[in-house]
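# Structural features, examined
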Amino acid sequence: MSETPLLAITALTLRVAAVATLLLLPVAVLLGFALARRSFRGKALVQALVALPMVLPPVAVGLAILLAVSALDWPIAFTWWGAVAAAVAVCFPLLVRGCEQAFAEVDPRYEQVARSLGLGPARSFLRVSLPLARRGVLYGALLAFTRALGEFGATAIVAGIIPGRTETLALGIYSRVQLGDYRAALALCIASFALALVAMLAAEGWLRRGRA
Amino acid sequence: MSAGATRIRARLRRSGFTLDVDVGWSERVAVLFGPSGAGKTLFLETVLGLHRDAEAHVELAGELLEDPGRGVRVPVHERRLGWVPQESALFPHLRVEGNLRLGLARAGGDGAQLRRAVEVLELGGLLQRSVRELSGGERQRVALARALASDPRALLLDEPLASLDLPLRARVLPFLLRVRDELGLPMLVITHDPDEAIVLGEIAIVLDKGSVVATGAPREVLWSRAVLPLSEALGLENVIEARATAARDGGAEVETARGLRLVVRGSLAPGERVRLGVRAEDLLLAVGEPGRLSARNVLPARVARLETRGGDVLVHLDAGEALVARVTEGAARDLGLEAGAPVHVVVKAQAIRRLA
Amino acid sequence: MRTLGILPLAWLALLQGARAEEVVASVAASLRAPSTEIVRRFEAEHPGAKLLLAFGASNELASQIEAGAPVEVFLAADEESVARLASKGLLLEGSVVPFAGNRLVVVRPDTAELRLAEPRDLVQPALRRLALPGEGVPLGHYAREWLARRGILADLADRIVVTANAPATLAAVELGQADAAIVYATDARVAKRARVAFDIPDAEQPRIRYVGALTHRAGPGARAFLDFVRGPGAAILEAAGFRAAP
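Here the structure is a predicted model, which means the values were calculated and not measured.

Tallying secondary structure elements over chain C gives 11 helices and 10 strands in all. With the C-alpha coordinates aligned to their principal axes, the bounding extent of chain C is approximately 70 × 50 × 35 Å. Here chain C, with 246 residues, has 43% of them falling under the buried criterion. Relative to all contacts within chain C whose residues are 6 or more apart in sequence, the contacts with residues 24 or more apart total 79%.

Now for the overall build of chain A. Helix and strand content of chain A: nine helices and zero strands. Each helix and strand of chain A, placed in order from N terminus to C terminus, yields the pattern α-α-α-α-α-α-α-α-α. C-alpha extents for chain A along the principal axes are approximately 65 × 45 × 25 Å. Expressed as a percentage of the 212 residues in chain A, the buried residues total 54%. Restricting to contacts in chain A with at least 6 residues of sequence separation, those with at least 24 account for 78%.

What follows covers the sheet that holds strand β7 (residues 81–84) of chain B. Residue and element names in this part refer to chain B. Taking strand neighbours across the sheet as the criterion, the six strands line up as β7-β8-β9-β3-β10-β11 in an open arrangement whose pairing is mixed. Two strands close off the open sheet at either side, each with one partner strand: β7 and β11 (211–216). On average, each strand axis in the sheet is tilted by 15 degrees relative to the strand beside it, whichever way the strands run. Pairing of strand β3 (residues 29–33) with strand β9 (residues 187–191) involves five bridges; the strand directions are parallel. Looking at the pairing, L32 lines up with I190 of β9.

It is worth spelling out the interface of chain A and chain C at this point. Interfaces are often sized by the accessible area lost when the parts come together. The partner chain C presents 27 residues to the 21 residues of chain A that form the contact. Within the residue set of the side of chain A that touches chain C, elements represented by two or more residues are α1 (6–37) and α6 (121–150) of chain A. A total of four residues in the side of chain A that touches chain C trace back to one element, the largest contributor, which is α1(A). Within the side of chain A that touches chain C, the residues separate by chemical class into 13 nonpolar, five polar and three charged.

Turning our attention to the sheet that holds strand β6 (residues 72–73) of chain B. All names here are of chain B. Strand order in the open sheet formed by five strands is β2-β1-β4-β5-β6, and the pairing between neighbours is antiparallel. The open sheet is flanked by β2 (17–25) and β6, the only strands paired with a single partner. Direction of pairing for strand β4 (residues 55–60) relative to strand β5 (residues 63–67): antiparallel, over a ladder of three bridges. Each residue of the ladder has a partner; that of E59, found in β5, is L64.

Our next topic: the interface of chain A and chain B. With 16 residues of chain A at the interface, the matching set in chain B holds 16 residues. Ranked by residues supplied to the side of chain A that touches chain B, first place goes to helix α5 (residues 108–116) of chain A with seven residues. Grouping the amino acids of the side of chain A that touches chain B by side-chain chemistry returns eight nonpolar, four polar and four charged.

Structural remark: α-helix, 3.6 residues per turn; residues separated by three or four positions point the same way. Residue and element names in this part refer to chain B. Within the span of helix α4 (residues 112–120), buried status applies to Q113, L114, A117 and V118. For α4, the buried positions fall inside an angular range of 130 degrees around the axis, keeping them on one side. Looking one or two residues beyond α4, the residue adopting positive phi is E122, at roughly 50 degrees.

This paragraph deals with the pairing of strand β8 (residues 154–158) of chain B. Residue and element names in this part refer to chain B. β8 sits mainly inside the fold: five of its five residues count as buried. Alternating residues of β8 divide into A154, L156 and D158 and L155 and L157, and every residue in both groups is buried. As defined by bridge partners, β7 adjoins β8 across four bridges and the pair is classed as parallel. Following the sheet pairing, L81 is matched in β8 by A154.

What follows deals with the confidence of the model for chain C. Residue and element names in this part refer to chain C. Overall, the predicted model of chain C reaches an average pLDDT of 90, with 92% of residues at or above 70. Per-residue pLDDT stays below 50 along residues 1–19; that stretch engages in eight contacts with residues further than four places along the chain or on separate chains. If you check the scores for this complex, the pTM reads 0.76 and the ipTM reads 0.83.

If you look at soluble globular proteins, the nonpolar side chains tend to sit buried side by side. Within the largest apolar cluster, 245 residues are counted, with the highest numbers of intra-cluster contacts made by A:A87, A:C91, B:L32, B:V345, C:V73, C:V107 and C:A181. For this core, the leading source of residues is helix α4 (residues 80–104) of chain A, giving 18 residues. Counting only domains with at least three residues in this core, you end up with domain 1 (6–230) and domain 2 (238–354) of chain B. Ignoring any residue separated from it by four or fewer positions in sequence, one finds A:C91 in contact with A:A20, A:T21, A:L24, A:A144, A:R147 and A:A148.

Attention now goes to the packing of α5(A) against α6(A). All names here are of chain A. Put simply, α5 and α6 touch, their axes get as near as 10 Å, and they point 160 degrees apart. In terms of axis orientation, α5 runs roughly antiparallel to α6. You can see that α5 and α6 cross each other, and the crossing is right-handed. Of the residues in α6, those in contact with Y110, E111, A114 and R115 of α5 are S124, R127, V128, S129 and L132. Classifying every residue of the contact of α5 with α6 gives four nonpolar, two polar and three charged.

Our next topic: the arrangement of the chains. When the two pairs of chains in contact are ranked by number of contacts, first place goes to chains A and C. Of all C-alpha pairs spanning chain B and chain C, none lies closer than 10 Å, and the two are not in contact.

With that out of the way, let us pick up the environment of B:G39. Residues and elements named next belong to chain B. Relative to the helices and strands, G39 is located in the loop between β3 and α1 (40–48). Considering only alpha carbons, one finds G39 and D20, 19 residues apart in sequence, at a separation of 9.3 Å. The residues contacting G39, other than those within four sequence positions of it, are F17, L19, L207 and G210.

Residue and element names in this part refer to chain A. Helix length check: α6, at 30 residues, gives a terminal C-alpha distance of 37 Å against a target of 44 Å (1.5 Å per residue), a shortfall beyond 12%. The largest bend in α6 is about 60 degrees, located at R134. Among the 30 residues of α6, 23 are classified as buried, and the element is accordingly described as predominantly covered.

Criteria and cut-off values
- Residues numbered from 1 in each chain as written.
- Chains lettered and ligands numbered in written order.
- Predicted model: local features only at pLDDT ≥ 70, side-chain atom pairs only at ≥ 80, totals over all residues.
- Helix = DSSP H or I, 4+ residues; strand = E, 2+ residues; numbered from the N terminus.
- Buried ≥ 20, exposed ≤ 12 C-beta atoms within 10 Å, placed from the backbone.
- Contact = placed C-beta atoms within 7 Å.
- Pairing = 2+ DSSP bridges.
- Axes fitted to C-alpha atoms, helices over the stretch in contact; angles between N-to-C directions.
- Nonpolar A, V, L, I, M, F, W, Y, C, P; charged D, E, K, R; others polar.
- Arc of directions from axis to C-beta.
- pLDDT = per-residue confidence, 0-100.
- Core = buried A, V, L, I, M, F, W, Y, C linked by C-beta atoms within 7 Å.
- Domains from an automatic or database assignment.
- Parallel < 35°, antiparallel > 145°, perpendicular 65-115°, else oblique.
- Left-handed = near helix turned anticlockwise from the far one by under 90°.
- Expected span 1.5 Å × (residues − 1).
- Bend = angle between axes of the 7 residues up to and from the residue.

Here you go:
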């Protein structure tokens with residue numbers, strides 16, 4: 001077969017998922033913190049909007065992104081950045097929720113004490129809230145990363161299936177099944193199973209280690 | 001540092017509870033006293049500025065921190081108030097030293113405040129410890145040092161000893177007294193323990209159900225008519241300051257400045273100063289010379305006055321030191337107690353607790 | 001915090017990624033088998049060039065190109081898909097060239113006991129499922145053309161299992177999901193668990209023409225590749241069972 005080697009597909013999948021997660025992390029951390037700590041007008045609406053990509057059909061999310069990047073004239077459709085954009089959109093709710101929960105579990109008392117010690121809002125966030133929520137935030141990030149590894153619907157629309165450029169494991173499985181090449185599809189399935197397993201083990205291990 | 005006047009007004013509504021306090025004092029060390037649920041913590045947090053929905057006017061030791069009328073509301077992190085919350089709230093992700101250094105965020109500079117706090121609270125050996133490994137008493141000392149390291153203009157302590165058992169309290173209280181006496185900071189200390197109120201405070205503010213019911217010198221105000229209804233929740237106490245004179249009967253003999261002698265349990269070095277507490281209900285009264293008793297302390301005294309509360313009578317006594325005993329109305333009647341009557345006060349050595 | 005500190009580094013590392021001179025080509029799925037050799041030979045002759053081939057039904061590939069996929073070379077199994085792009089001005093003028101032909105055969109699973117020796121056997125009731133791609137897919141279009149010519153398309157209409165493209169049609173038979181299928185002779189040659197039931201006579205064969213074209217994105221590598229397919233590639237295609245373009 002002339003297809004991209006399994007290793008390259010796996011590497012691309014990891015790269016897309018990692019970049020998406022890293023891009024998302026700062027935004028999700030700040031938004032999660034705001035949602036956990038502040039009450040503001042329209043909070044319910046924000047929460048609903050944040051959750052939306054999780055409940056919409058991924059294909060619809062993909063189409064929305066494709067239309068948006070076309071309108072904005074961003075040249076990322078059919079590139080691996082398109083796959084990143086799709087993963088960002090689909091994983092956003094997961095990570096924001098994860099961060100919100102992580103911060104909600106931090107006793108606000110610690111932040112109040114930090115404030116009483118003279119730390120302003122930013123320093124109190126960086127030196128107290130964030131380190132205390134670290135475990136939950138990273139767990140959320142690992143979950144989002146794992147979700148990104150398997151993202152298909154939105155990615156197929158935004159990034160297309162271009163071997164060696166945008167073909168992630170999920171897309172590769174799909175295109176091989178489409179071509180009736182079940183053997184090759186199965187090989188990719190095993191790779192993505194292994195990847196997901198390792199990521200989930202890492203997440204659970206991290207959770208346990210942090211708790212000890 | 002001389003303390004300026006303090007004036008605090010706070011109105012704050014919580015579900016089923018309203019805090020409505022308007023109080024002022026000029027003493028340096030005030031204790032906020034009252035049963036649990038009186039609103040003490042809410043009051044302290046309002047002074048800190050944690051409750052944005054509170055209607056508050058805060059002028060602490062001469063510094064104006066909050067006055068809606070003049071549009072003043074100093075943010076929490078600029079109030080310079082050293083706060084030790086009830087549960088101490090040490091940062092679990094930092095070692096002891098990290099906790100103390102976070103206190104330097106404001107003090108900055110050479111950390112002189114920090115070194116002084118470490119020295120006064122004897123924390124030198126604990127700096128590299130994880131806060132999870134600390135005992136209850138150590139936690140409170142670290143929390144206190146952290147507050148001190150931040151170079152506060154005043155200390156706000158919320159039940160600093162409440163989470164400790166009695167022996168531990170006796171070990172931590174001296175540190176609290178050192179902080180009070182050596183650092184000279186204005187302090188506002190919450191307690192529901194009369195011992196602590198009397199030992200620590202120059203003035204007591206008694207809070208119940210969200211309002212101030214009395215203010216005044218702790219010794220007087222705690223026995224005052226207004227506070228009596230709270231006595232059940234509080235457990236009235238006699239607090240005696242004395243100096244050890246000699247070992248005796250496996251215990252020690254102490255003598256107060258006015259010559260009252262008592263036998264207490266435990267060993268004391270001669271000359272050592274102690275604060276002792278005896279519950280009012282642990283004092284027995286006898287009319288006439290009592291016979292042979294197992295109790296080690298039998299003190300001649302005179303009834304100063306009687307006070308009736310509920311089914312009980314509080315008997316204020318002069319035994320060299322002022323004492324208060326609590327007896328039933330029937331007992332007071334049978335003994336024919338009245339002002340000026342001579343009695344003997346009987347106290348078991350075991351009933352005398354060492355406070356500090 | 002240390003854990004978070006290494007993130008920016010990971011970031012940079014991920015953004016790195018050396019890139020050779022890559023050529024993206026959309027290739028009809030039925031060309032998948034010989035393309036391994038074509039790519040190997042082409043890349044050997046053009047050091048530094050790297051081919052990225054996306055396989056699929058030609059009509060779908062055309063839709064992707066229309067949607068903006070960054071494709072430089074298009075190798076289609078029919079003329080219609082290419083004509084559609086050309087009419088929208090998406091192809092380089094004069095770049096459209098036919099380069100191969102093919103034939104249809106009827107295949108059946110290895111193990112089946114059904115009698116299947118001539119076109120009329122296809123309509124027997126025991127044959128319940130016939131695998132074919134949709135009408136838009138070149139193979140689907142060619143096969144229906146032949147079935148219609150034989151007058152049996154209507155009889156089979158409700159027995160057709162629709163597949164995605166040519167190789168998937170063969171796979172449906174190999175996996176036992178269909179009792180028979182009409183596929184390209186070149187795909188039938190590489191079948192493992194299916195065999196040819198009967199051949200279709202030349203006189204009835206539809207005119208199957210593979211056409212190549214360049215898009216406006218095409219660079220020198222893309223031009224070289226299309227030239228290679230027409231030139232040295234012809235022998236490889238022939239060896240795989242393809243005919244000359246009709």
